[in-house]
Each structure stands twice: as C-alpha cells, then as structure tokens.
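Structural overview for review
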Amino acid sequence: MTAHASEGLLVPTGHGRTLKAPAHQVTFKVTGEHARAASSFEVVVPPGFDVGAHVHTKSEELFYVLDGELEVLAFEPRVRTKDDWRHWESPTGLRTVQATRGTVIVVPPGCPHAFANRSGEPATMFFQASPPPDHERYFEELLEILESGGPPDHAAIAALRARYDIEQLTPMRHAAPVV
C-alpha cells in the first residue's frame, strides 16, 4: 500500500508483513515505500538470542522496549573483545544495561551496539532504522538464507552483512538462555 502525500499510514495492532525465523520475528510496520526518514519494525526476540555487537557506518537506529527484558549496549568500548560484548566498558564507565519496558536506546552511525535476551521469556521491541530501506532488504535476504535448509550459510550471511553496512564485532548467537 502506497501512501499519498495528503494521507498518512495507519497500521493496526497485529498488522504488517511478518517474517519469522528461529532467531527472531520481524513485523514490518513502516517501510521505505511509506516513509523517507526511517523504516519501522516490531521485533520479537526469543529467549537466548544475542544479535552480537555490531556497527553501521551510515545507519541510525532507535530501539524501544515494549515488553520483556533485553541486555543492551550502545557505546564504543575501551577494548573490543571478539567473542563477547557483555563485559565491555566505555572510557567514561558506561556498561551494559538491562532494558525493560519503556527503555529507549538511540544508536548513531559508528556506535557499536548489541542486544540479547538472556531471560526465559520473549521480549518485544519497536525498532526504527534510518535511512530506509536497507534494514528491510537485509531482513528479507537473511530470512531467505535461513530458510534454504540445513545449517546457516555463514559465508552468505557475512556477505549479506557487508552489503548492508553491518560490521559484526562479536558473534550472533541463538541458544537456550542461562537464567
């Protein structure tokens, strides 16, 4: 559905195109077809999912926790360890935080960031990425790779991330949470 210049876009609760993968579920709420400034998504993050620390040189992101709890970071650490971001600390003393309902995280271009659901329950967040439509296309192509059958093709995922301005700093993981 394309919005006209004199019309807004209304996406009711439960609507939008949904992509489901074992790692998470993404519902497209506002796409580049509808807005010039940002794409907006509702993301369900299952227990045990860790997106891994990563950085974008061009994209700005906003995360708003709607339900559940996520461990998050949004800062440049003193030292970028390659295996795990949970113990990173910024030069000014920032550390990861437990983000609960109502928490907003804003990530400017060039800022390392990550989120993980270490609880035993799903978490839901509103996610906005600017400019569109890169994150839309990334999610669509990632789902195609993951649905191809067999174990994930890590080389294809790495190439996809490189095409969409995602430098992965620590591994993405999806395993049972340690509660």
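Residues numbered from 1 in each chain as written. Predicted model: local features only at pLDDT ≥ 70, side-chain atom pairs only at ≥ 80, totals over all residues. Heavy atoms only, no water.

1. Quick notes on the pattern of salt bridges
All chains considered together, the criterion is met by nine salt bridges. Residue arginine 118 is joined to aspartate 50 by a salt bridge in which the shortest nitrogen-to-oxygen separation is 3.6 Å. Placement of arginine 118 in the loop between strand 10 (113-116) and strand 11 (123-130) and of aspartate 50 in strand 4 (residues 49-50) is noted, with a sequence separation of 68 residues between them. Under the relative-accessibility criterion, aspartate 50 is labelled buried at 4%. Ionic pairing is found between aspartate 84 and arginine 86, a salt bridge with its closest N-O pair at 2.9 Å. On the basis of relative accessible area, arginine 86 is assigned to the partly exposed category, the value being 34%. Each of the salt bridges in this network shares a partner with another, and the network as a whole consists of Asp50, Glu71 and Arg118. (Salt bridge = Lys/Arg side-chain N within 4 Å of Asp/Glu carboxyl O. Helix = DSSP H or I, 4+ residues; strand = E, 2+ residues; numbered from the N terminus. Buried < 20%, exposed > 50% of the residue type's maximum accessible area, 1.4 Å probe, protein only.)

2. Let's talk about the packing of aromatic side chains
Two descriptors summarise a pair of aromatic rings, namely the distance from one centre to the other and the angle between the planes of the rings. Enumeration according to the criterion identifies nine aromatic pairs in this entry. Relative to phenylalanine 127, the ring of phenylalanine 41 lies with its centre 5.5 Å away and its plane at 25°, an arrangement referred to as stacked. One end of the pair, phenylalanine 41, is in strand 3 (residues 39-45); the other, phenylalanine 127, is in strand 11, with 86 residues separating them in the sequence. We classify phenylalanine 41 as buried; its relative accessible area is 0%. Assessed through its relative accessible area of 4%, phenylalanine 127 is described here as buried. When the centroid spacing of 6.2 Å and the interplanar angle of 50° are considered together, the rings of phenylalanine 49 and phenylalanine 115 count as tilted. Within this pair, whereas phenylalanine 49 is found in strand 4, its partner phenylalanine 115 is found in strand 10, the two being separated by 66 residues in sequence. The pair phenylalanine 49 / phenylalanine 115 is uniform in exposure class, with both members buried. One aromatic cluster is present, built from ring pairs that chain together Phe28, Phe41, Phe49, Phe63, Phe115, Phe127, Tyr138, Phe139 and Tyr164. For arginine 17, the ring lying beneath its charged end belongs to phenylalanine 28, and the centroid distance is 4.5 Å. It is arginine 118 that lies over the ring of tryptophan 85; its NZ or CZ is 5.2 Å from the centre. (Phe/Tyr/Trp six-rings, centres within 6.5 Å; stacked < 30°, edge-to-face > 60°. Lys NZ or Arg CZ within 6 Å of the ring centre and 35° of its normal.)

3. Topic: the environment of arginine 118
Owing to a relative accessible area of 25%, arginine 118 belongs among the partly exposed residues under this scheme. For the pair arginine 118 and phenylalanine 49, spaced 69 residues apart in sequence, the C-alpha separation works out to 7.4 Å. Within polar-contact distance, the side chain of arginine 118 engages the side chain of glutamate 71 at 2.4 Å. (Polar contact = N/O pair within 3.5 Å; in protein donor to acceptor, adjacent residues only side chain to side chain.)

4. Here we look at the packing of helix 1 (residues 134-146) against helix 2 (residues 154-163)
One can describe the packing of helix 1 onto helix 2 by two numbers: an axis separation of 10 Å at closest approach and a directional angle of 175°. Of the possible angle classes, the one that applies to helix 1 and helix 2 is roughly antiparallel. The residues of helix 2 that touch helix 1, namely those facing Tyr138, Glu141, Leu142, Ile145 and Leu146, are Ala156, Ile157, Leu160, Arg161 and Arg163. Considering only residue class, the contact of helix 1 with helix 2 consists of seven nonpolar, no polar and three charged. (Axes fitted to C-alpha atoms, helices over the stretch in contact; angles between N-to-C directions. Parallel < 35°, antiparallel > 145°, perpendicular 65-115°, else oblique. Contact = heavy atoms within 4.5 Å. Nonpolar A, V, L, I, M, F, W, Y, C, P; charged D, E, K, R; others polar.)

5. Here's the deal with empty space enclosed by the protein
In this structure the tally under the stated criterion is three cavities of 30 Å³ or more. Roughly 230 Å³ of internal volume is contained in the largest cavity. Taken together, 19 residues line the largest cavity, and the ones lying closest to its centre are Val51, His54, Phe115, Tyr138 and Phe139. Counting residues per element, the lining of the largest cavity draws most heavily on helix 1, at four residues. Taken together, the residues of the lining of the largest cavity break down into twelve nonpolar, five polar and two charged. Estimates place the volume of the second largest cavity at around 80 Å³. Contributing to the lining of the second largest cavity are Leu19, Lys20, Ala21, His24, Val26, Phe139, Leu142, Leu143 and Leu146. Going through the elements one at a time, strand 1 (17-20) and helix 1 are the ones with two or more residues in the lining of the second largest cavity. It is helix 1 that contributes the most residues to the lining of the second largest cavity, four residues altogether. Split by residue class, the lining of the second largest cavity holds seven nonpolar, one polar and one charged. (1 Å grid on protein atoms, 1.4 Å probe; cavity = no way out; pocket = protein on both sides within 12 Å on 5 of 7 lines; lining within 4 Å. Points joined across faces, edges and corners; volume = space filled by probe spheres on them.)

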